[in-house]
Each structure stands twice: as structure tokens, then as C-alpha cells.
Amino acid sequence: MLKVLYFARLREIFGIASEEISGVPLETVADLKEWLAHRGEVWSCELASDKVVRAAINQEMATDVDKIHDGDEIALFPPVTGG
Amino acid sequence: MLKVLYFARLREIFGIASEEISGVPLETVADLKEWLAHRGEVWSCELASDKVVRAAINQEMATDVDKIHDGDEIALFPPVTGG
Amino acid sequence: MRISVQEDDFDVGLEIDALCKKQTRIGAVTSFVGLVRDDFEAPIIGLELEHYAEMTQKALTNIGKEALHRFDIFDLTIIHRFGYLALGERIVLVVTVGSHRSQSFQACEFIMDYLKTQAPFWKKEKTSRGNIWVEANKKDDTAFDKWNLGKVKE
Amino acid sequence: MRISVQEDDFDVGLEIDALCKKQTRIGAVTSFVGLVRDDFEAPIIGLELEHYAEMTQKALTNIGKEALHRFDIFDLTIIHRFGYLALGERIVLVVTVGSHRSQSFQACEFIMDYLKTQAPFWKKEKTSRGNIWVEANKKDDTAFDKWNLGKVKE
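Reference entry: report on the structure contained in this document. Predicted model, so just to flag it, every value in this text is computed and none were measured. (Residues numbered from 1 in each chain as written. Chains lettered and ligands numbered in written order. Predicted model: local features only at pLDDT ≥ 70, side-chain atom pairs only at ≥ 80, totals over all residues. Heavy atoms only, no water.)

### Considering the packing of helix α2 (residues 53–70) of chain C against helix α3 (residues 101–118) of chain C
Residues and elements named next belong to chain C. Close contact between α2 and α3 brings their axes to 10 Å; oriented N to C, the two are set at 150 degrees. The angle between α2 and α3 places the two elements in the roughly antiparallel class. Here α2 and α3 pass one another in a crossing that is right-handed. Packed against α2, whose contacting residues are Met-55, Ala-59, Leu-60, Ile-63, Glu-66, Ala-67 and Arg-70, the element α3 presents Gln-103, Phe-110, Ile-111, Tyr-114, Leu-115 and Gln-118 at the interface. Of the residues belonging to the contact of α2 with α3, the class tally is nine nonpolar, two polar and two charged. (Axes fitted to C-alpha atoms, helices over the stretch in contact; angles between N-to-C directions. Helix = DSSP H or I, 4+ residues; strand = E, 2+ residues; numbered from the N terminus. Parallel < 35°, antiparallel > 145°, perpendicular 65-115°, else oblique. Left-handed = near helix turned anticlockwise from the far one by under 90°. Contact = heavy atoms within 4.5 Å. Nonpolar A, V, L, I, M, F, W, Y, C, P; charged D, E, K, R; others polar.)

### Remarks on the interface of chain C and chain D
Opposite the 38 residues of chain C that make contact, chain D presents 38 residues. Interface area lost by chain C to chain D is led by C:Arg37, C:Arg101 and C:Phe105, which between them contribute 23%. Between chain C and chain D we count six salt bridges in total. Counting across the interface, chain C meets chain D through 13 residue pairs in polar contact (both at pLDDT 80 or more). (Buried area = accessible area lost by both parts, 1.4 Å probe. Salt bridge = Lys/Arg side-chain N within 4 Å of Asp/Glu carboxyl O. Polar contact = N/O pair within 3.5 Å; in protein donor to acceptor, adjacent residues only side chain to side chain.)

### Section: the interface of chain A and chain C
Counting from both sides, the interface comprises 21 residues of chain A and, opposite them, 26 residues of chain C. A per-residue breakdown of the area chain A buries against chain C is headed by A:Gln59, A:Thr81 and A:Gly83, which together make up 34% of the total. Our count for the contact surface shared by chain A and chain C stands at two salt bridges. Breaking the side of chain A that touches chain C down by element, the ones donating at least two residues are α1 (8–14), β3 (54–57), β4 (60–62) and β5 (73–77) of chain A. Sort the elements by how many residues they give to the side of chain A that touches chain C and α1(A) lands first, with four residues. Across the side of chain A that touches chain C, the residue classes tally to ten nonpolar, five polar and six charged.

Take it as geometry only, folks, not as evidence of what the structure does.
Now the structure itself:
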């Protein structure tokens, strides 16, 4: 089971802040993005286009090639704009 | 007539904060230093040795080659240490 | 090291004093404050600062630790606000203290550059023409990248 | 531009606020405070700051004007104290405000580097082993020189 969080523009466009995903074999952040993109419409537009989507695994910044494991908290979000 | 000011270590060692010098033909800051050094003892030790002595002409930083004119206020001092 | 993620405003003078009082070897104190600023294109009323609450404290702590490791400084403070902030309000404070100014300046700028690309905050501007998510600035990536060209500890 | 040469202490928070309140385009505020710090070699009780009173205001004004010319900032404050200052007391404050952080950081560091070699102040440390004129630091000359290698305006 993965806990997936969405922030900022993604949270608004997807219409959810978090969800739990289980029973799907996903090895990396890229796999997760690709799997979500198959939901179509806004999901593919945001996750399978040339838009930059950053990720964190268990509250640490991660990249597309980083491995994900059962029980992980994965966050997907646009590039940060704090400070 | 020149007004000559001394600051910090120079003021203490020479034992004066300012003086007026007139009737001496001095063209540059270097000339003034050399003329003062002829007073001997601490004057030559401070002004004619390898110690760095900075100068200002009319409250603007100056160098040894800068010209001095009648009526100028010339300050001599060690490298500054504020801030 | 003081790290705080908070809704409330902070007092810059008090924060600086608190950090300086800890010891007498401090000669240099650099601070940076980021404010909600007006834009030329769309007049800004304020902004909503969203953050990833479980991660922000951790991210800022990592950045602070990295600064203490890379630079010759004694201590630092990072405060970042979230929630609604009106035009002119303070968003972020970074204070770094050390013996000498060069290292305290560098550490302060380093923390800001890291924070701008590594801390999970997102700004949504409330303008007279509607609400707009702020786009990430390429300059921020460049500023971040420069710190990885070489270590700066003297 | 606010330039002050004074015996009295200053309030960092108030000075920053005063500079920021002038307009709403300010997004970045960098400040530097220099303190009387303890030394490892001889414990310092305090220091006597002598200055060339007729020149200091003029010298700091020139430095401030040069910073406004070189960097993309809106305004700045420089305050430098003189007289007797005890261990831990504030000596100098520089605040620079602009749209973006990089230029405000650079302007603030530039002013400190210039001031360290161009403003006529001299420190005499009062230590447990007697009073000692502080020697100029070669690092300060190097820091000053680096600004003359090239202009930094973006």
C-alpha cells in the first residue's frame, strides 16, 4: 500500500489531497506517475506531458528513478515556490 | 597653509591630533610624509619605514602621488579597522 | 539551531538578539527577510502559502544542518510562515552568526538558495485579476546549482 | 538612503521596518550587524572606536551611492557607531532592500567590504592585557579588491 499526496496546483486539478493505492506493482516514482497518467484527462495532462512534477518519498526529495516500497508516503507536486 | 590631522596610533605616538603647516613647498602626500619624517624619532619611524600609512585629502581617500594644495586638510592614519 | 514553520509573524530584532546572546565569539550576523511584494504585471493583494506540513520542518532542518557543515558559522535560525499573507507581510527569515562576515553572508545566501528549490512550499497569489499559482523561477535553479560546483568552507 | 554615524545603539528590527515601509515592491531584505566579539588570544572587555568625524558621514554616503549605482536595489541604511563599546555590543548595521535576493545580498556584502577598507574608523581593543590598536586584516583588502574585478549589475 502506498500513500500518495498531492500539493498545490496538482491537488486542485486532481481534486484530491491524498489517496491510498494498493495491489499495483510499482517500482519507481516514474512508474507511479505513468500509472496515474493512465487515468486520463487531467492526470495524463499533468503527469505525462512536459510539465515538471517533483516528488518526495517519505518526506525526502526524490527523483523519477528512485525506488518506492510498500508503506511509503509519496508526494507529487509542482516545483516549490516558497521563500 | 595645510591643516594636517593624525588619527589612531599616529595621533597617540606623535602626541598631537592636528597641526598647521605653512611656508613649506610640498607637492604631494609623499612630500608631506617625507618632510614630517625629517623631524626624526617617532616621525621617521612611522612615516619613513615600511609601515603602511594611509592619507585623505579634504576627507577623500588619497594616495602618495596625489597633489596637495594650499588650504587642504590632509589626514594621515593607519589602515582603517572599522565595521 | 532554531527551525520554525508557523502561521504567526515573527520579530526580526528579537530573533537576531536571541541568536546573538548565546555566546560572545559572534562578530558577524547576517539576516535575510523575504516579503510579499508587489508585481508589475498584476497588483497583488496577498498570497496563500501552502506547505507539506509533515515535510517542511524536516526539509528546513536538513538545510540548516548542511549550512552548519559547509560554513564556518556558529548557529542559525530559519523561520518560514504558511497560510494567508497580505502584501508587505514577512514570509521567511534566515539568520546566520559567526566570527567573520564572509562565511555568515555565504551561509545565509546558501540557505535561501536551497530553501527556494528544496523546501515544500507553494505560493498562490491573490491578485485583482484572480488567483494564480506562482511559477517556479529558473534563476532559483541556477542559484541552487552554483553551490554544488564546489564546497566553500575556507 | 539613511546614513548615520552615532554614539548611541540602534534597533535592528526598527531600522529594517522603517526601510521596508517605504514601498510595496520590496521582496528581499538583507541585513548585516557587526558585534564586538571575543578573541581567543586576549579576552576583550570592549573597544574604543575612533573616527575622523568630518569624513565618516561623507565616506559612508559615497559607499551607499556606489551600492545603489552598482546593484539593482531600491534603498539602503548604514549605521556605524563610535566611542566606547563593550563586548557583545553592536558596532555597525547595513540593510539593503530590493526585488530579488541575489542583488540585495551582494549589495549588503559590497557595502561591508568597502566600509572595512574605506571608512575612517579605528578600533582599539581594551583587553585584560592592556589596550591594543587592532591591525588591519589582509583579508579585508582581498574582499575589497574582488569588487573591482568586474561590475556586478545584472
